[in-house]
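# Descriptive analysis of the structure
Next come the chains, spelled out residue by residue.
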Amino acid sequence: ILYICNILIFKQTMEKQKTIGKNIAFFRKLNNMTQESLSEYLGINRAELSYYETGERKTPLDILNKLSDLFQVELIDLLEMHEEDRKERAALSFR
């Protein structure tokens, strides 16, 4: 799975970036975190996190790995997901 995730990250298109950003924001809100608290955990500034969540910048693999660990979801859950699947998996994620 890691190999496939690396390929998907490398080929981040603007559409893919927006999907990843929506997923980051979804799991952040699900875990009752602010952009400020999540950016502090990630070691980045809040503006940078905002760029990731809006899809304006590509999210680096190290950041995606930290998010995956924090939210206790698979990396692929941050990369691609349909709304129904995301809700189902969210019920199983860390709260």
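Just so you know, these numbers come straight off a predicted model, no measurement behind them.

## A closer look at the overall build of the protein chain
Of the regular secondary structure elements, the protein chain holds seven helices and zero strands. Starting at the N terminus, the α and β elements of the protein chain follow one another as α-α-α-α-α-α-α. Within the span of the protein chain, comprising 95 residues, buried residues form 42% of the whole. Taking the contacts inside the protein chain whose residues are at least 6 apart along the sequence as the reference set, 66% of them involve residues at least 24 apart. Here the protein chain has roughly 5,800 Å² of accessible surface; of this, 53% comes from carbon and sulfur atoms.

## Brief notes about the packing of aromatic side chains
In this description, an aromatic ring pair is defined by two values, namely the gap between the centres and the angle between the planes. Inspection of the entire model under this criterion finds two aromatic pairs. With 5.2 Å between their ring centres and 80° between their planes, Phe 26 and Phe 27 make a pair best called edge-to-face. Both residues of the pair, Phe 26 and Phe 27, belong to the buried class. Judged by centre distance (5.9 Å) and plane angle (25°), the rings of Phe 27 and Phe 71 are stacked. With Phe 27 in helix α2 (residues 14-30) and Phe 71 in helix α5 (residues 61-71), this residue pair connects regions lying 44 residues apart in the sequence. For Phe 27, a relative accessible area of 0% puts it in the buried group.

## Observations concerning the confidence of the model for the protein chain
Of the residues in the protein chain, 72% reach a pLDDT of 70 or more, and the chain-wide mean stands at 84. For the protein chain, helix α1 (residues 2-10) is the element with the lowest average pLDDT, namely 59, and helix α3 (residues 35-42) is the one with the highest, namely 98.

## Overview of the nonpolar core
When a protein is soluble and globular, its nonpolar side chains tend to lie buried together. Ranked by internal contacts, the top residues of the largest apolar core, which has 19 residues, are Ile 24, Leu 38, Leu 42, Leu 64, Leu 67, Phe 71 and Leu 78. Mapped onto this core, the elements with two or more residues apiece are α2, α3, α4 (46-54), α5 and α6 (75-79). No other element matches α5, which puts five residues into this core.

Cut-offs and rules
- Residues numbered from 1 in each chain as written.
- Predicted model: local features only at pLDDT ≥ 70, side-chain atom pairs only at ≥ 80, totals over all residues.
- Heavy atoms only, no water.
- Helix = DSSP H or I, 4+ residues; strand = E, 2+ residues; numbered from the N terminus.
- Buried < 20%, exposed > 50% of the residue type's maximum accessible area, 1.4 Å probe, protein only.
- Contact = heavy atoms within 4.5 Å.
- Areas by Shrake-Rupley, 256 points an atom, 1.4 Å probe, with all protein chains shown as cover.
- Phe/Tyr/Trp six-rings, centres within 6.5 Å; stacked < 30°, edge-to-face > 60°.
- pLDDT = per-residue confidence, 0-100.
- Core = buried A, V, L, I, M, F, W, Y, C linked by side-chain atoms within 4.5 Å.

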